[in-house]
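Breakdown of the fold
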Amino acid sequence: MSVFRIEGGHPLTGTVRTQGAKNSVLPILAATLLSPGESVIHNCPRLTDVEYTLEILRRLGCRAEREGETVTVSAAAPTEWEIPDDLMREMRSSVIFLGAILGRMGRAELSYPGGCELGPRPIDLHLSALRALGAEIDERGGRLSCRGALTGADITLALPSVGATENIMLAAVRAEGITSITNAAREPEIVDLQNFLNALGAEVQGAGSSVITIRGGRPLHGGEHTVIGDRIAAATWLSAVAAAGGEARITGVDWRHLSTVTAVLSEAGCKIESAPNIIAIRAPERLRAVRPIRTAPYPGFPTDAQAIMMAALCTAEGATVFAENIFDSRYRHVDELVRMGADIRVEGKVAVVYGVPRLFGAQVTAADLRGGAALAVAALGAEGETILSGLRHVRRGYADLPADLRALGASVTEEEFRDS
Ligand code: UD1
């Protein structure tokens, strides 16, 4: 079994460059399917989720090649409209292909994504929006079959779902007429998708606000795009410095995309300075607890940064309350943090973290992607050595976590481990 061996208790210093955003690159790669031209995407991190997405494109009949951090996709003549079960199981978020396949091929078929590590992940909003655009959707035996020529429609989302907003944008680009999405998600990754679609010749406006308008049916051509920096990876490096002490510079990310995260770190006593594409952090001797952290859709505090921030605040002076409002099962890192000496009580969607003077290295296992990153953050601040397993989760979102942490002077190696 592969593990990360993390030697904690040493302050971090240095500069780390942030990878391209996982949550941008997946919908952008799905969008390449919409155009018969060639798409060139820069800043594509080498994540397992990205490699699965490229594999889906190939199975649909596209050419998809990577050279370094640049991926080229040619969707001149896709031949398939079905995502095979094996890939659907590997990557639940491949539901993001639904709108793109339907828009391009007039039909789409995939297995129902079901739940994931974070609890139930319903797609009712995706489906009712696609129906509003004219798709006929048959849900039988765990399969979803969609077909139909799409026409623009006014869609109001009951929740500002990121995935549903993206699916509608992708489908609506190929629908005849105008589509509007009210109560759209406002995440920076939605703006990135809009910019890429417009680079292909689409007419999408309003991303970043609650109303997005798509003028569908425009002829599309090839395009080139650079994916934005990953705000959650950047939040991970910042939290690592907050937990371990020291000072560092994080580059390659727009600081405005994580201002709610840096606000919490400032409140905890960190000195933060931000300039375009760079965030500098200096950690205090000891963090102090902060006012309640409630996860919320952007621009609120991101659910993806909840576990990571909790790991840093385990050793703060005082108690911090977390309320996880987006996903049901997003405290699976808590038991592992407790094994490292943390004092955390969970009651439903609320977790109270009572700061302890220090954590201790232990053998811990990642149960999901951000939970795994949180354990690495905790390990860096802990006394002694931590062995972190469950790396397949971590690799979904971090191209090379040990190398990035070593850029900050951390002692992290990957090795084969045999439990005695
Ligand atoms: C995306 C991100 C994920 C992030 C999340 C919230 C990707 C691949 N994933 O996930 O990393 O944690 O945004 O920022 O980009 N909901 C419904 N019905 C639906 C869709 C969603 O009830 O049809 C609910 C969900 O259960 C959840 C909430 O809406 O409670 C938000 O989910 P959503 O924004 O859709 O997250 P994802 O797009 O799945």
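Every chain is numbered on its own, with residues counted from 1 as its sequence reads. Per-residue local features of the predicted model are confined to residues with pLDDT of at least 70, and side-chain atom pairs are confined, for both listing and counting, to 80 or more; whole-chain, interface and lining totals are unaffected and use all residues. Note: side-chain values were computed over all heavy atoms of the structure, leaving out hydrogens and water.

Thoughts on the sheet that holds strand β3 (residues 38-42)
Our working definition: At least two DSSP bridges between two strands are needed for those strands to be called paired. The way it works is that DSSP assigns letters per residue, a run of H or I at least four long becomes a helix, a run of E at least two long becomes a strand, and they are numbered from the N terminus. Between N-to-C directions, angles cover 0 to 180 degrees, with each direction set by a line fitted to C-alpha atoms, over the stretch in contact for helices.
Read from one edge to the other, the open sheet built from four strands follows the order β4-β5-β3-β13, with strand pairing classed as mixed. Strands with a single pairing partner mark the edges of an open sheet, and in this sheet they are β4 (63-67) and β13 (223-226). With direction set aside, neighbouring strand axes in the sheet form an average angle of 15 degrees. In the sheet, β4 pairs with strand β5 (residues 70-74) via five bridges, with the strands oriented antiparallel. Across the sheet, the residue bridging to glutamate 65 is threonine 72, located in β5.

What about the pairing of strand β15 (residues 271-275)?
Across a regular strand the side chains alternate sides, sitting on one face of the sheet and then on the other. As paired strands, β15 and strand β16 (residues 278-282) are joined by five bridges and run antiparallel to one another. Paired with lysine 271 across the two strands is arginine 282, which belongs to β16. Between the end of β15 and the start of β16, which pair antiparallel, lie two residues, with asparagine 277 showing a positive phi angle near 65 degrees.

Looking at the packing of helix α4 (residues 97-105) against helix α6 (residues 162-173)
What counts here: Roughly parallel means an angle under 35 degrees; roughly antiparallel means over 145; roughly perpendicular covers 65 to 115; every other angle is labelled oblique. By the convention used here, residues are in contact when the closest approach between their heavy atoms is within 4.5 Å. Classification convention: Asp, Glu, Lys, Arg as charged; Ala, Val, Leu, Ile, Met, Phe, Trp, Tyr, Cys, Pro as nonpolar; all other residues, Gly among them, as polar.
For the pair α4 and α6, interaxial distance at closest approach is 7 Å and the crossing angle is 10 degrees. Accordingly, the angle class assigned to the pair α4 and α6 is roughly parallel. Of the residues in α6, those in contact with Phe97, Leu98, Gly99 and Ala100 of α4 are Asn167, Leu170 and Ala171. Grouping the amino acids of the contact of α4 with α6 by side-chain chemistry returns five nonpolar, two polar and no charged.

Digging into the pairing of β13
Here is the rule: Exposure is judged per residue with a 1.4 Å probe applied to protein chains only, and the accessible area is read against the type maximum: over 50% gives exposed, under 20% gives buried, and values in between give partly exposed.
Here β13 shows a clear split, with Gly223 and His225 buried on one side and none of Glu224 and Thr226 buried on the other. Of the pairings in the sheet, the one linking β3 to β13 comprises four bridges and is parallel in character. Paired with isoleucine 41 across the bridge in β13 is histidine 225.

Some thoughts on α6
Defined as follows: By this rule, a helix spans an expected 1.5 Å times one less than how many residues it contains. N or O atoms closer than or at 3.5 Å make up a polar contact, with two conditions inside protein: a donor-capable atom paired with an acceptor-capable one, and, for residues adjacent in sequence, both atoms drawn from side chains.
Its 12 residues give α6 an end-to-end C-alpha distance of 17 Å, which sits within 8% of 16 Å, the value for a rise of 1.5 Å per residue. Across the 12 residues that make up α6, a large majority, 10, are buried. Turning to α6, its buried residues are Ala164, Thr165, Glu166, Asn167, Ile168, Met169, Leu170, Ala171, Ala172 and Val173. Residue serine 161 occupies the N-cap position of α6, its side-chain oxygen lying 3.0 Å from the main-chain nitrogen of alanine 164.

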